[in-house]
Amino acid sequence: MKVLLIGSGGREHALAWKIAQSPLLDELYAAPGNPSIADHATLVALDVEDHAAVIAFAKEKAIDFVVVGPEAPLVAGLADDLRAAGIATFGPSKAAAQLEGSKGFTKDLCARYDIPTGAYQRFKSAEPAKDYVRAQGVPIVIKADGLAAGKGVTVAMTEAEALAAIDDCFDGAFGAAGAEVVVEAFLDGEEASFFCLSDGKTALALATAQDHKRVGDGDTGPNTGGMGAYSPAPVMTPAMVERTMKEIIEPTISGMAKDGNPFSGVFFAGLMITAKGPELIEYNVRFGDPECQVLMMRLKSDLLPILYATATGTLDKVEAEWRDDAALTVVLASKGYPGAYDKNTPIAHIPEASEEAKVFHAGTALKDGGLVATGGRVLNVTALGKTVTEAQARAYALADKVEWENGFCRRDIGWQAVAREKA
Ligand code: AMP
Ligand code: GLY
(Lines give C-alpha, C1' and ligand atoms only; values in the text may rest on other atoms or scores of the structure.)
(Ligands and ions follow the chains in the order given, each with its own letter.)
Protein backbone atom coordinates (compact mmCIF):
# COMPACT_ATOMS: atom_id res chain seq x y z
CA MET A 1 0.00 0.00 0.00
CA LYS A 2 1.18 3.55 -0.77
CA VAL A 3 0.29 5.88 2.07
CA LEU A 4 0.35 9.66 2.46
CA LEU A 5 0.40 11.00 6.03
CA ILE A 6 -0.70 14.60 6.61
CA GLY A 7 0.89 16.54 9.50
CA SER A 8 4.22 17.47 11.07
CA GLY A 9 4.00 17.05 14.85
CA GLY A 10 4.98 14.48 17.46
CA ARG A 11 1.69 12.70 16.85
CA GLU A 12 2.56 12.26 13.17
CA HIS A 13 6.10 11.13 14.01
CA ALA A 14 4.62 8.39 16.19
CA LEU A 15 2.10 7.44 13.47
CA ALA A 16 4.84 7.39 10.81
CA TRP A 17 7.08 5.22 13.03
CA LYS A 18 4.25 2.73 13.58
CA ILE A 19 2.91 2.70 9.99
CA ALA A 20 6.47 2.17 8.72
CA GLN A 21 6.57 -1.15 10.63
CA SER A 22 3.61 -2.53 8.68
CA PRO A 23 4.30 -5.39 6.27
CA LEU A 24 1.45 -3.99 4.15
CA LEU A 25 3.32 -0.76 3.48
CA ASP A 26 5.07 -0.23 0.15
CA GLU A 27 5.79 3.45 0.38
CA LEU A 28 5.14 6.20 2.92
CA TYR A 29 4.99 9.93 2.12
CA ALA A 30 4.44 12.70 4.67
CA ALA A 31 3.31 16.28 4.05
CA PRO A 32 4.86 18.42 5.34
CA GLY A 33 6.50 16.07 7.91
CA ASN A 34 9.56 16.92 10.04
CA PRO A 35 13.25 15.83 10.16
CA SER A 36 12.52 12.65 12.12
CA ILE A 37 9.44 11.68 10.15
CA ALA A 38 11.96 11.68 7.28
CA ASP A 39 13.52 8.55 8.86
CA HIS A 40 10.32 6.68 7.92
CA ALA A 41 8.79 8.61 5.02
CA THR A 42 9.58 10.70 1.97
CA LEU A 43 8.75 14.30 2.86
CA VAL A 44 6.63 16.30 0.44
CA ALA A 45 6.42 20.10 0.63
CA LEU A 46 2.66 20.29 0.02
CA ASP A 47 0.45 23.13 1.24
CA VAL A 48 -2.20 21.01 2.97
CA GLU A 49 -4.66 23.92 2.83
CA ASP A 50 -4.57 23.54 -0.95
CA HIS A 51 -6.79 20.47 -1.27
CA ALA A 52 -6.45 20.37 -5.06
CA ALA A 53 -2.65 20.15 -4.69
CA VAL A 54 -2.95 17.27 -2.18
CA ILE A 55 -5.30 15.40 -4.53
CA ALA A 56 -3.04 16.03 -7.53
CA PHE A 57 -0.04 14.67 -5.61
CA ALA A 58 -2.01 11.61 -4.44
CA LYS A 59 -3.08 10.85 -8.03
CA GLU A 60 0.41 11.40 -9.44
CA LYS A 61 1.94 8.92 -6.95
CA ALA A 62 -1.03 6.50 -7.06
CA ILE A 63 -1.53 6.85 -3.29
CA ASP A 64 -3.90 4.15 -1.96
CA PHE A 65 -4.60 5.68 1.43
CA VAL A 66 -4.30 9.09 3.09
CA VAL A 67 -4.07 9.41 6.89
CA VAL A 68 -4.87 12.88 8.25
CA GLY A 69 -3.29 13.64 11.65
CA PRO A 70 -4.32 17.15 12.82
CA GLU A 71 -7.78 18.67 13.29
CA ALA A 72 -7.44 21.84 11.18
CA PRO A 73 -7.42 20.07 7.77
CA LEU A 74 -10.33 17.86 8.91
CA VAL A 75 -12.43 20.83 9.97
CA ALA A 76 -11.52 22.39 6.59
CA GLY A 77 -12.94 19.33 4.76
CA LEU A 78 -9.74 17.74 3.43
CA ALA A 79 -11.06 14.21 4.04
CA ASP A 80 -14.30 14.99 2.12
CA ASP A 81 -12.39 16.32 -0.86
CA LEU A 82 -10.00 13.35 -0.95
CA ARG A 83 -12.86 10.85 -0.73
CA ALA A 84 -14.78 12.73 -3.44
CA ALA A 85 -11.69 12.26 -5.62
CA GLY A 86 -11.89 8.49 -4.98
CA ILE A 87 -8.99 8.27 -2.50
CA ALA A 88 -9.50 6.20 0.69
CA THR A 89 -8.92 8.53 3.63
CA PHE A 90 -8.60 8.11 7.39
CA GLY A 91 -10.31 11.07 9.05
CA PRO A 92 -13.84 12.39 9.54
CA SER A 93 -15.84 14.57 7.16
CA LYS A 94 -16.11 18.29 7.79
CA ALA A 95 -19.66 17.74 9.08
CA ALA A 96 -18.54 15.04 11.55
CA ALA A 97 -15.48 17.08 12.59
CA GLN A 98 -17.90 19.58 14.15
CA LEU A 99 -17.74 17.25 17.16
CA GLU A 100 -14.45 19.05 17.85
CA GLY A 101 -14.95 22.19 15.75
CA SER A 102 -18.05 23.39 17.61
CA LYS A 103 -18.58 22.86 21.32
CA GLY A 104 -22.23 23.94 20.89
CA PHE A 105 -22.76 21.24 18.23
CA THR A 106 -21.51 18.56 20.64
CA LYS A 107 -23.55 19.85 23.57
CA ASP A 108 -26.71 19.81 21.43
CA LEU A 109 -25.93 16.23 20.35
CA CYS A 110 -25.56 15.26 24.01
CA ALA A 111 -28.90 16.88 24.80
CA ARG A 112 -30.65 15.08 21.91
CA TYR A 113 -29.30 11.64 22.77
CA ASP A 114 -29.15 11.81 26.56
CA ILE A 115 -25.37 11.69 26.79
CA PRO A 116 -24.17 12.71 30.27
CA THR A 117 -22.46 16.13 30.25
CA GLY A 118 -22.61 19.40 32.22
CA ALA A 119 -25.76 21.55 31.89
CA TYR A 120 -25.14 24.38 29.43
CA GLN A 121 -26.43 27.18 27.24
CA ARG A 122 -25.17 28.69 23.97
CA PHE A 123 -24.86 32.47 23.48
CA LYS A 124 -24.23 34.80 20.53
CA SER A 125 -23.79 37.98 22.61
CA ALA A 126 -22.28 38.93 25.96
CA GLU A 127 -25.20 40.28 28.01
CA PRO A 128 -27.42 37.17 28.05
CA ALA A 129 -24.34 35.02 28.74
CA LYS A 130 -23.47 37.22 31.72
CA ASP A 131 -27.05 37.06 33.01
CA TYR A 132 -26.87 33.27 32.82
CA VAL A 133 -23.56 33.23 34.75
CA ARG A 134 -25.04 35.48 37.46
CA ALA A 135 -28.05 33.20 37.73
CA GLN A 136 -26.00 29.97 37.86
CA GLY A 137 -23.21 31.18 40.15
CA VAL A 138 -19.59 29.94 40.27
CA PRO A 139 -17.56 27.84 39.67
CA ILE A 140 -18.63 27.84 36.02
CA VAL A 141 -16.93 27.18 32.69
CA ILE A 142 -16.81 29.60 29.72
CA LYS A 143 -15.90 28.17 26.30
CA ALA A 144 -15.33 29.77 22.92
CA ASP A 145 -17.42 27.66 20.54
CA GLY A 146 -14.78 27.06 17.86
CA LEU A 147 -11.20 25.79 17.60
CA ALA A 148 -8.92 27.88 19.83
CA ALA A 149 -5.86 25.62 20.13
CA GLY A 150 -6.89 24.50 23.61
CA LYS A 151 -6.92 28.09 24.91
CA GLY A 152 -10.60 28.96 24.55
CA VAL A 153 -11.72 27.47 27.88
CA THR A 154 -11.87 29.33 31.19
CA VAL A 155 -12.73 27.44 34.35
CA ALA A 156 -13.91 30.45 36.37
CA MET A 157 -13.77 30.28 40.15
CA THR A 158 -15.12 33.83 40.58
CA GLU A 159 -17.92 35.70 38.85
CA ALA A 160 -15.49 38.45 37.78
CA GLU A 161 -13.32 35.86 36.00
CA ALA A 162 -16.35 34.40 34.23
CA LEU A 163 -17.60 37.80 33.07
CA ALA A 164 -14.11 38.77 31.85
CA ALA A 165 -13.85 35.49 29.90
CA ILE A 166 -17.17 36.23 28.19
CA ASP A 167 -15.92 39.71 27.21
CA ASP A 168 -12.65 38.21 25.92
CA CYS A 169 -14.51 35.83 23.62
CA PHE A 170 -16.87 38.45 22.20
CA ASP A 171 -14.04 41.03 21.95
CA GLY A 172 -12.26 38.69 19.54
CA ALA A 173 -9.51 37.11 21.72
CA PHE A 174 -10.10 33.84 19.81
CA GLY A 175 -11.13 35.32 16.48
CA ALA A 176 -14.11 33.70 14.81
CA ALA A 177 -13.92 30.80 17.31
CA GLY A 178 -15.29 33.15 19.99
CA ALA A 179 -18.25 34.51 18.02
CA GLU A 180 -20.39 32.04 19.93
CA VAL A 181 -19.90 31.05 23.57
CA VAL A 182 -20.96 28.00 25.56
CA VAL A 183 -21.44 28.44 29.30
CA GLU A 184 -21.30 25.13 31.09
CA ALA A 185 -21.65 23.72 34.60
CA PHE A 186 -18.39 22.95 36.39
CA LEU A 187 -17.77 19.21 36.70
CA ASP A 188 -15.73 17.91 39.60
CA GLY A 189 -13.67 14.72 39.41
CA GLU A 190 -10.64 13.14 37.76
CA GLU A 191 -10.10 13.59 34.02
CA ALA A 192 -9.30 10.88 31.51
CA SER A 193 -9.14 10.60 27.74
CA PHE A 194 -10.82 7.67 26.04
CA PHE A 195 -9.73 6.85 22.47
CA CYS A 196 -11.96 5.06 19.97
CA LEU A 197 -12.18 4.34 16.29
CA SER A 198 -15.40 4.39 14.31
CA ASP A 199 -16.24 3.57 10.72
CA GLY A 200 -19.61 5.31 11.02
CA LYS A 201 -21.42 2.21 12.32
CA THR A 202 -19.15 0.36 14.72
CA ALA A 203 -17.06 1.82 17.55
CA LEU A 204 -13.84 0.11 18.62
CA ALA A 205 -12.39 1.16 21.98
CA LEU A 206 -8.63 1.68 21.73
CA ALA A 207 -7.11 2.75 25.03
CA THR A 208 -7.21 5.35 27.76
CA ALA A 209 -4.74 8.09 28.67
CA GLN A 210 -4.30 11.01 30.99
CA ASP A 211 -2.58 14.18 29.93
CA HIS A 212 -1.16 17.16 31.79
CA LYS A 213 -2.50 20.37 30.27
CA ARG A 214 -0.93 22.90 32.65
CA VAL A 215 2.58 24.15 32.00
CA GLY A 216 3.90 23.84 35.57
CA ASP A 217 4.66 21.08 38.07
CA GLY A 218 1.74 20.18 40.31
CA ASP A 219 -0.66 21.09 37.46
CA THR A 220 -0.17 24.85 37.88
CA GLY A 221 0.13 27.76 35.45
CA PRO A 222 -1.57 28.33 32.11
CA ASN A 223 -3.03 25.62 29.89
CA THR A 224 -0.94 24.25 27.02
CA GLY A 225 -1.51 21.74 24.24
CA GLY A 226 -0.25 19.09 26.73
CA MET A 227 3.06 18.78 28.63
CA GLY A 228 3.01 15.00 28.95
CA ALA A 229 0.73 11.99 29.10
CA TYR A 230 0.54 8.38 30.14
CA SER A 231 -1.55 5.35 29.29
CA PRO A 232 -3.53 3.54 30.57
CA ALA A 233 -5.44 5.94 32.86
CA PRO A 234 -5.94 4.07 36.14
CA VAL A 235 -9.26 5.83 36.82
CA MET A 236 -10.66 4.06 33.73
CA THR A 237 -11.34 0.67 35.28
CA PRO A 238 -12.94 -2.01 33.07
CA ALA A 239 -16.34 -1.16 34.59
CA MET A 240 -15.85 2.56 33.83
CA VAL A 241 -14.82 1.72 30.26
CA GLU A 242 -17.97 -0.34 29.82
CA ARG A 243 -20.18 2.47 31.13
CA THR A 244 -18.44 5.01 28.91
CA MET A 245 -19.00 2.85 25.82
CA LYS A 246 -22.68 2.37 26.64
CA GLU A 247 -23.60 5.82 27.97
CA ILE A 248 -21.35 8.08 25.87
CA ILE A 249 -19.58 6.49 22.88
CA GLU A 250 -22.32 4.30 21.39
CA PRO A 251 -25.07 6.96 21.57
CA THR A 252 -22.64 9.42 19.96
CA ILE A 253 -21.87 7.12 17.02
CA SER A 254 -25.51 6.13 16.46
CA GLY A 255 -26.67 9.75 16.99
CA MET A 256 -24.16 11.12 14.47
CA ALA A 257 -25.31 8.53 11.92
CA LYS A 258 -29.00 9.29 12.59
CA ASP A 259 -28.35 13.00 12.13
CA GLY A 260 -26.75 12.34 8.73
CA ASN A 261 -23.15 12.96 9.88
CA PRO A 262 -21.68 9.45 10.32
CA PHE A 263 -18.31 9.66 12.07
CA SER A 264 -15.37 7.85 10.47
CA GLY A 265 -11.90 8.10 12.01
CA VAL A 266 -10.36 8.25 15.46
CA PHE A 267 -11.82 10.37 18.23
CA PHE A 268 -11.34 10.78 21.90
CA ALA A 269 -13.68 11.78 24.63
CA GLY A 270 -12.34 14.10 27.28
CA LEU A 271 -14.12 12.68 30.32
CA MET A 272 -14.64 13.85 33.86
CA ILE A 273 -15.15 10.89 36.18
CA THR A 274 -17.57 12.46 38.64
CA ALA A 275 -19.38 11.00 41.63
CA LYS A 276 -22.23 10.16 39.19
CA GLY A 277 -19.95 8.38 36.70
CA PRO A 278 -18.35 9.39 33.39
CA GLU A 279 -19.46 12.74 31.93
CA LEU A 280 -18.37 14.20 28.62
CA ILE A 281 -16.27 17.37 28.65
CA GLU A 282 -15.44 17.44 24.96
CA TYR A 283 -14.66 15.42 21.85
CA ASN A 284 -11.61 15.60 19.65
CA VAL A 285 -11.72 14.10 16.17
CA ARG A 286 -8.09 12.95 15.91
CA PHE A 287 -5.41 11.31 17.99
CA GLY A 288 -4.37 13.48 20.95
CA ASP A 289 -0.90 14.97 20.88
CA PRO A 290 1.09 13.78 22.90
CA GLU A 291 -1.38 10.99 23.85
CA CYS A 292 -0.87 9.35 20.44
CA GLN A 293 2.82 8.84 21.25
CA VAL A 294 2.05 6.72 24.32
CA LEU A 295 -0.70 4.80 22.50
CA MET A 296 1.63 3.92 19.61
CA MET A 297 4.28 2.65 22.07
CA ARG A 298 1.64 0.38 23.65
CA LEU A 299 -0.04 -0.87 20.46
CA LYS A 300 1.06 -4.42 19.59
CA SER A 301 -1.06 -4.79 16.45
CA ASP A 302 -0.17 -3.56 13.00
CA LEU A 303 -1.69 -0.05 12.85
CA LEU A 304 -2.13 0.23 9.08
CA PRO A 305 -4.89 -2.41 8.55
CA ILE A 306 -6.77 -0.99 11.56
CA LEU A 307 -6.74 2.52 10.10
CA TYR A 308 -7.68 1.17 6.66
CA ALA A 309 -10.60 -0.85 8.08
CA THR A 310 -11.82 2.30 9.85
CA ALA A 311 -11.73 4.26 6.61
CA THR A 312 -13.40 1.56 4.51
CA GLY A 313 -16.28 0.49 6.78
CA THR A 314 -14.88 -2.86 7.96
CA LEU A 315 -13.94 -2.02 11.53
CA ASP A 316 -15.95 -5.00 12.82
CA LYS A 317 -13.34 -7.27 11.18
CA VAL A 318 -10.28 -6.03 13.11
CA GLU A 319 -9.02 -5.96 16.67
CA ALA A 320 -6.37 -3.91 18.43
CA GLU A 321 -4.00 -5.68 20.81
CA TRP A 322 -2.18 -3.73 23.52
CA ARG A 323 0.86 -4.34 25.68
CA ASP A 324 0.10 -4.58 29.38
CA ASP A 325 2.95 -2.13 29.97
CA ALA A 326 2.29 1.48 30.78
CA ALA A 327 3.75 4.19 28.56
CA LEU A 328 4.59 7.75 29.53
CA THR A 329 5.75 10.74 27.52
CA VAL A 330 7.43 13.93 28.70
CA VAL A 331 7.18 17.02 26.47
CA LEU A 332 10.31 19.14 26.10
CA ALA A 333 9.20 22.66 25.22
CA SER A 334 10.93 25.95 24.37
CA LYS A 335 11.50 28.18 27.42
CA GLY A 336 8.63 30.69 27.56
CA TYR A 337 5.98 28.33 26.12
CA PRO A 338 2.94 28.66 26.13
CA GLY A 339 3.86 32.38 25.92
CA ALA A 340 6.47 33.85 23.58
CA TYR A 341 9.62 31.82 22.98
CA ASP A 342 12.76 31.98 20.82
CA LYS A 343 12.71 30.06 17.57
CA ASN A 344 15.51 28.17 15.84
CA THR A 345 17.43 27.43 19.04
CA PRO A 346 20.00 24.66 18.49
CA ILE A 347 19.45 21.11 19.77
CA ALA A 348 22.96 19.71 20.22
CA HIS A 349 22.15 16.07 20.98
CA ILE A 350 19.23 13.61 20.88
CA PRO A 351 19.99 10.28 22.62
CA GLU A 352 19.63 6.92 20.83
CA ALA A 353 16.32 5.09 21.11
CA SER A 354 16.00 1.65 22.71
CA GLU A 355 13.18 -0.93 22.73
CA GLU A 356 11.69 0.79 25.76
CA ALA A 357 12.33 4.48 25.19
CA LYS A 358 12.39 6.85 22.27
CA VAL A 359 12.30 10.55 21.39
CA PHE A 360 9.59 11.71 19.00
CA HIS A 361 10.03 15.06 17.24
CA ALA A 362 7.18 17.54 17.49
CA GLY A 363 8.64 20.88 16.41
CA THR A 364 12.09 20.55 14.88
CA ALA A 365 13.75 21.47 11.60
CA LEU A 366 17.16 21.18 10.01
CA LYS A 367 18.98 24.48 9.53
CA ASP A 368 22.43 24.62 7.96
CA GLY A 369 22.83 20.93 8.72
CA GLY A 370 22.00 21.28 12.45
CA LEU A 371 18.80 20.41 14.31
CA VAL A 372 16.85 23.40 15.67
CA ALA A 373 13.66 23.83 17.69
CA THR A 374 10.93 25.56 15.71
CA GLY A 375 7.86 25.20 17.89
CA GLY A 376 6.59 25.56 21.43
CA ARG A 377 6.38 21.83 22.07
CA VAL A 378 9.49 20.36 20.49
CA LEU A 379 10.36 16.81 21.63
CA ASN A 380 8.36 13.97 23.24
CA VAL A 381 10.51 11.63 25.28
CA THR A 382 8.46 8.46 25.52
CA ALA A 383 9.06 5.24 27.45
CA LEU A 384 7.43 1.93 28.36
CA GLY A 385 7.52 0.32 31.80
CA LYS A 386 5.87 -2.42 33.83
CA THR A 387 4.38 0.41 35.90
CA VAL A 388 3.90 4.13 35.32
CA THR A 389 6.66 4.65 37.92
CA GLU A 390 9.09 2.62 35.79
CA ALA A 391 8.03 4.30 32.53
CA GLN A 392 8.43 7.69 34.22
CA ALA A 393 11.95 6.90 35.46
CA ARG A 394 12.98 5.71 31.97
CA ALA A 395 11.47 8.74 30.23
CA TYR A 396 13.25 11.22 32.54
CA ALA A 397 16.55 9.31 32.28
CA LEU A 398 16.37 9.68 28.49
CA ALA A 399 15.10 13.30 28.66
CA ASP A 400 18.13 14.21 30.80
CA LYS A 401 20.41 13.07 27.95
CA VAL A 402 18.88 15.54 25.49
CA GLU A 403 21.21 18.52 25.03
CA TRP A 404 19.10 21.57 24.33
CA GLU A 405 19.83 24.78 26.27
CA ASN A 406 16.52 26.47 25.51
CA GLY A 407 14.36 23.49 26.47
CA PHE A 408 12.43 22.72 29.66
CA CYS A 409 10.00 20.06 30.84
CA ARG A 410 7.74 19.33 33.77
CA ARG A 411 9.39 16.98 36.26
CA ASP A 412 6.21 15.32 37.52
CA ILE A 413 4.43 13.81 34.53
CA GLY A 414 2.35 10.87 35.73
CA TRP A 415 2.27 12.03 39.35
CA GLN A 416 -1.28 10.85 40.09
CA ALA A 417 -0.57 7.35 38.80
CA VAL A 418 2.81 7.19 40.55
CA ALA A 419 1.12 8.22 43.84
CA ARG A 420 -1.51 5.50 43.32
CA GLU A 421 1.19 2.89 42.65
CA LYS A 422 3.00 3.87 45.87
CA ALA A 423 -0.19 3.70 47.96
P1 AMP B 1 -11.40 21.48 26.79
O2 AMP B 1 -10.62 22.36 25.84
O3 AMP B 1 -12.88 21.50 26.57
O4 AMP B 1 -10.78 20.13 26.97
O5 AMP B 1 -11.17 22.12 28.23
C6 AMP B 1 -9.87 22.30 28.74
C7 AMP B 1 -9.85 21.89 30.16
O8 AMP B 1 -10.77 22.68 30.92
C9 AMP B 1 -10.32 20.45 30.42
O10 AMP B 1 -9.32 19.52 30.22
C11 AMP B 1 -10.76 20.54 31.87
O12 AMP B 1 -9.64 20.47 32.73
C13 AMP B 1 -11.34 21.91 31.95
N14 AMP B 1 -12.81 21.85 31.77
C15 AMP B 1 -13.50 21.96 30.61
N16 AMP B 1 -14.82 21.84 30.83
C17 AMP B 1 -14.98 21.66 32.16
C18 AMP B 1 -16.11 21.48 33.01
N19 AMP B 1 -17.36 21.50 32.55
N20 AMP B 1 -15.88 21.32 34.33
C21 AMP B 1 -14.62 21.32 34.83
N22 AMP B 1 -13.53 21.49 34.09
C23 AMP B 1 -13.69 21.66 32.76
N1 GLY C 1 -3.18 16.77 24.31
C2 GLY C 1 -4.49 17.21 24.08
C3 GLY C 1 -4.94 17.22 22.69
O4 GLY C 1 -4.32 16.72 21.77
O5 GLY C 1 -6.01 17.76 22.47
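Let me begin by describing the structure that accompanies this report. Computed from a predicted model, the values in this text were never measured in an experiment. Residue numbering note: each chain is counted from 1, following its sequence as written. The naming scheme follows written order: chains are lettered A onward, ligands numbered 1 onward. It should be noted that, the model being predicted, local features are given only for residues of pLDDT at least 70 and side-chain atom pairs only at 80 or more, the latter also being counted only at that level, while totals for whole chains, interfaces and linings use all residues. Water and hydrogen atoms were dropped before computing side-chain values, which therefore reflect all heavy atoms in the structure.

Time to look at the site of ligand 2. Every residue lining ligand 2 is accounted for by Asp-211, Gly-225, Phe-268, Arg-286, Gly-288, Asp-289, Pro-290 and Glu-291. Pairing of N or O atoms within 3.5 Å defines a polar contact, subject to two protein rules: one partner must be a possible hydrogen donor and the other a possible acceptor, and residues neighboring in sequence count only if both atoms are side-chain atoms. A distance of 3.2 Å separates a nitrogen atom of ligand 2 from a polar atom in the side chain of Asp-211. Computed with the Shrake-Rupley method and a 1.4 Å probe, the accessible areas treat only the protein chains shown as cover for residues. Considering ligand 2 on its own, with 200 Å² of exposed area, one finds that the protein chains cover 88% of that surface. Counted by class, the shell around ligand 2 contains two nonpolar, two polar and four charged residues. Note on definitions. A residue lies near a molecule or strand when any single heavy atom of the residue is within 4 Å of it. Under this grouping Gly is polar, as are all residues other than the nonpolar Ala, Val, Leu, Ile, Met, Phe, Trp, Tyr, Cys and Pro and the charged Asp, Glu, Lys and Arg.

When a carboxyl oxygen of Asp or Glu lies within 4 Å of a side-chain nitrogen of Lys or Arg, that pair is called a salt bridge. Enumeration according to the criterion identifies 24 salt bridges in this entry. Here Glu-247 ties to Arg-243 by a salt bridge, and the two come within 2.9 Å at their closest N and O atoms. With Glu-247 and Arg-243 both in helix H9 (residues 238-258) and four residues apart, the pair spans about one turn of that helix. Working definition: with a 1.4 Å probe on protein chains only, accessible area under 20% of the residue-type maximum means buried, over 50% means exposed, and in between means partly exposed. You can call Glu-247 partly exposed: its relative accessible area is 27%. Residue classification places Arg-243 among the partly exposed positions, given a relative accessible area of 33%. We note a salt bridge from Asp-412 to Arg-410, for which the minimum N-O separation is 2.9 Å. Overall, the relative accessible area of 13% leaves Asp-412 in the buried class. Among the charged side chains, a network of salt bridges with common partners joins Asp-108, Arg-122, Lys-124 and Glu-180. Here a strand is any run of E in DSSP of at least two residues, a helix any run of H or I of at least four, and the numbering for each starts at the N terminus.

Those residues of helix H7 (residues 126-136) that fall on the buried side of the exposure criterion are Ala-126, Ala-129, Lys-130, Tyr-132 and Val-133. Down the axis, H7 shows its buried residues gathered within 160° of arc, on one side only. Here, two residues are considered to be in contact whenever any of their heavy atoms come within 4.5 Å of each other. Buried residues along H7 sit in contact with strand E6 (120-123), strand E7 (140-144), helix H8 (159-170) and strand E9 (181-185). Looking at the residues trailing H7, positive phi occurs at Gly-137, about 80°. The arc in question is the one spanned by the directions pointing from the helix axis to the C-beta atoms.

Aromatic contacts are taken between Phe, Tyr and Trp rings whose centres are within 6.5 Å, Trp giving its six-membered ring; a plane angle under 30 degrees counts as stacked, one over 60 as edge-to-face, and the others as tilted. Under the counting rule described, the total for this entry stands at seven aromatic pairs. Here the aromatic rings of Trp-17 and Phe-360 are separated by 5.6 Å at their centres, their planes lie at 70°, and the arrangement is edge-to-face. In this pair, Trp-17 is assigned in helix H1 (residues 10-19) and Phe-360 in strand E19 (residues 357-361), connecting sequence segments 343 residues apart. For the pair formed by Trp-17 and Phe-360, the shared burial category is buried. Aromatic side chains Phe-65 and Tyr-308 sit 5.0 Å apart centroid to centroid with 90° between the ring planes, which places their arrangement in the edge-to-face category. Of this pair, Phe-65 sits in strand E4 (residues 65-68) while Tyr-308 sits in helix H11 (residues 303-311), placing them 243 residues apart in sequence.

Right, let's get into the sheet that holds E6. What the four strands build is an open sheet, ordered E6-E9-E7-E8; its pairing is antiparallel. Edge positions in the sheet fall to E6 and strand E8 (153-156), since each of these pairs with one other strand and no more. On average, each strand axis in the sheet is inclined to that of its neighbour by 15°, with strand direction left out of account. Across four bridges, the pairing between E7 and E8 is antiparallel. In the sheet register, Val-141 faces E8, and the bridge partner there is Val-155. Seen against the sheet, helix H6 (residues 103-113) touches E6, E7, E8 and E9 and runs at an angle of roughly 140° to E6. At least two DSSP bridges between two strands are needed for those strands to be called paired. Interaxial angle, 0 to 180 degrees, is taken between N-to-C directions of lines fitted to C-alpha atoms, where a helix line uses only the stretch in contact.

What follows deals with the environment of Ala-353. Tracing the sequence through the fold places Ala-353 in the loop between strand E18 (345-346) and E19. The exposure class of Ala-353 is partly exposed, given its relative accessible area of 45%. Distance in space between the C-alpha atoms of Ala-353 and Thr-382 is 9.6 Å, their sequence separation being 29 residues.

Further remarks concern unusual backbone geometry. Cis peptide bonds are those with omega within 30 degrees of zero, and the linkage from Ser-231 to Pro-232 qualifies with -5°. When you line up the elements, Pro-232 lands in the loop between strand E14 (228-231) and H9. Between Asp-289 and the following residue, Pro-290, the backbone shows a cis peptide bond with an omega angle of 25°. Mapping Pro-290 onto the fold places it in the loop between strand E16 (277-284) and helix H10 (291-298). One non-glycine residue, Asp-219, lies in the positive phi region at around 55°. As for its placement among the helices and strands, Asp-219 is situated in the loop between strand E12 (214-216) and strand E13 (220-223).

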